[in-house]
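# Summary of structural features
Okay, here's what each chain looks like letter by letter:
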Amino acid sequence: MSGNENLFMDVVDFYDLDPRDVVREDIPFYVDYAWKTPHRSVLELACGTGRITLPLAQSGCTVTGLDLSDAMLAVLRKKLENNPAIAANVHVVKGDMSAFHLGKTFDLIVIPFRSFQLLATETLAVSCLRCVREHLSDGGVFILDAFEPYAALDRSWIYPPRVQWEVETADRRLVRKLDEGVDIDAERQLLWVRQTYQEEKDGLILREEVDHLSLRYYYPEQMTALLVSCGLKIDAQYGWYDKTPIRGGREMIFVCAKS
């Protein structure tokens, strides 16, 4: 992740417990695109704990996973240590997705699950996309995911803490995630979100960790213009991982190539 080296440092233990479809149904989508490329060489930016990286590697792709969070990468490296067969297909890089130079190109570059929106300024966003273009092979595919605002956002977007998900672990602990819309800057199109993770057993809170995020949101026409301005052409736009149309979908998924 870019913009904060300590991002997810205190909550990384909970990250892989997320049961939502938004972090499950995108996996076959990316694997399918990877297998359509000539050499199945993939770069995942903001790879985190390897949610996408590992299935890609297990499918036979060669994957470079880049992330700025030491905590996230430590979890990913531990997973690779426990699965040497997959590890042979993965190269882990600590780096900033807005400024990276890897000295090679890739058939497929992906920024899944809204991670691009952690880049809080247009300068960082443009720098990231220019790096993507530099590392994309001729004929290669770049896929970017962001959430689509449900309307023109204003201060009515702010909301109190609410349960986003909860799961019960094998040892009967209940893990719950709450999120809260703390503030919005509609002029700069920035959202501030507080995420609270609670670990509970027998009705007692054993642990509580809080993480703070700032996210830059885009409307579809803005994202389209940004991608084109950075030398990318949009070949497809989807609203979900089943390739439904972008309008009215929960996500904005842009499938791009070099212009």
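Residues numbered from 1 in each chain as written. Predicted model: local features only at pLDDT ≥ 70, side-chain atom pairs only at ≥ 80, totals over all residues. Heavy atoms only, no water.

## A closer look at helix H4 (residues 70-81)
End to end, H4 covers 16 Å across 12 residues, agreeing with the expected 16 Å (1.5 Å per residue, within 8%). Burial in H4 covers these residues: Ala-71, Met-72, Leu-73, Leu-76 and Leu-80. For H4, the elements touching its buried residues are helix H1 (12-15), helix H3 (53-58), strand S2 (62-67), helix H5 (84-87) and strand S3 (90-94). (Helix = DSSP H or I, 4+ residues; strand = E, 2+ residues; numbered from the N terminus. Expected span 1.5 Å × (residues − 1). Buried < 20%, exposed > 50% of the residue type's maximum accessible area, 1.4 Å probe, protein only. Contact = heavy atoms within 4.5 Å.)

## Focus: unusual backbone geometry
Leave glycine aside and you will find that most residues have negative phi; peptide bonds, for their part, are mostly trans. Although it is not a glycine, Arg-40 sits at a positive phi angle of roughly 55°. Within the secondary structure, Arg-40 is located in the loop between helix H2 (26-35) and strand S1 (41-45). A residue is classified by how much of its surface remains accessible, and Arg-40, at 25% relative accessible area, is partly exposed. Look at Phe-113: it is not a glycine, yet its phi comes out positive at around 40°. For Phe-113, the position within the fold is in the loop between strand S4 (106-111) and helix H6 (122-135). With a relative accessible area of 17%, Phe-113 lands in the buried category.

## Looking at the confidence of the model for the protein
With 97% of its residues at a pLDDT of at least 70, the protein reaches an overall mean of 94. The low-confidence segment residues 1-6, where pLDDT is below 50, has 21 contacts with residues more than four positions distant or belonging to other chains. (pLDDT = per-residue confidence, 0-100.)

## Quick look at empty space enclosed by the protein
All chains considered together, the criterion is met by one cavity of 30 Å³ or more. Estimated volume of the largest cavity: approximately 80 Å³. Along its surface, the largest cavity is lined by 12 residues, and Tyr-15, Glu-44, Ala-46, Cys-47 and Arg-51 are the ones closest to its centre. Of the residues that constitute the lining of the largest cavity, the class distribution is six nonpolar, four polar and two charged. (1 Å grid on protein atoms, 1.4 Å probe; cavity = no way out; pocket = protein on both sides within 12 Å on 5 of 7 lines; lining within 4 Å. Points joined across faces, edges and corners; volume = space filled by probe spheres on them. Nonpolar A, V, L, I, M, F, W, Y, C, P; charged D, E, K, R; others polar.)

## Some details on the side chain of Glu-200
Inspection of the secondary structure assignment puts Glu-200 in strand S8 (residues 190-201). Side-chain polar atoms of Glu-200 contact the side chain of Arg-176, separated by 3.1 Å. Those residues in contact with Glu-200 that sit more than four places away from it in its chain are Arg-172, Arg-173, Leu-174, Arg-176, Ile-205 and Leu-206. (Polar contact = N/O pair within 3.5 Å; in protein donor to acceptor, adjacent residues only side chain to side chain.)

## As for the nonpolar core
Membership of the largest hydrophobic core comes to 37 residues, with the highest contact counts inside it found for Phe-29, Tyr-33, Leu-56, Leu-108, Ile-143 and Val-255. For this core, the leading source of residues is H2, giving six residues. Among all residues touching Leu-108, those that are not within four sequence positions of it are Tyr-30, Tyr-33, Ala-34, Thr-37, Ser-41, Val-42, Leu-43, Val-141 and Ile-143. Membership of the second largest hydrophobic core comes to 32 residues, among which are Ile-109, Leu-119, Ala-125 and Leu-232. (Core = buried A, V, L, I, M, F, W, Y, C linked by side-chain atoms within 4.5 Å.)

## Some details on the sheet that holds S3
Spatially, seven strands are ordered S3-S2-S1-S4-S5-S11-S10 in an open sheet, and the strand pairing comes out mixed. At either end of the open sheet lies a strand with only one pairing partner, and these are S3 and strand S10 (232-238). Each neighbouring strand pair of the sheet contributes to a mean axis angle of 20°, computed without reference to strand direction. Looking at chain direction, S1 and S4 are connected through three bridges and run parallel. Pairing of Leu-43 across the sheet is with Ile-109, part of S4. (Pairing = 2+ DSSP bridges. Axes fitted to C-alpha atoms, helices over the stretch in contact; angles between N-to-C directions.)

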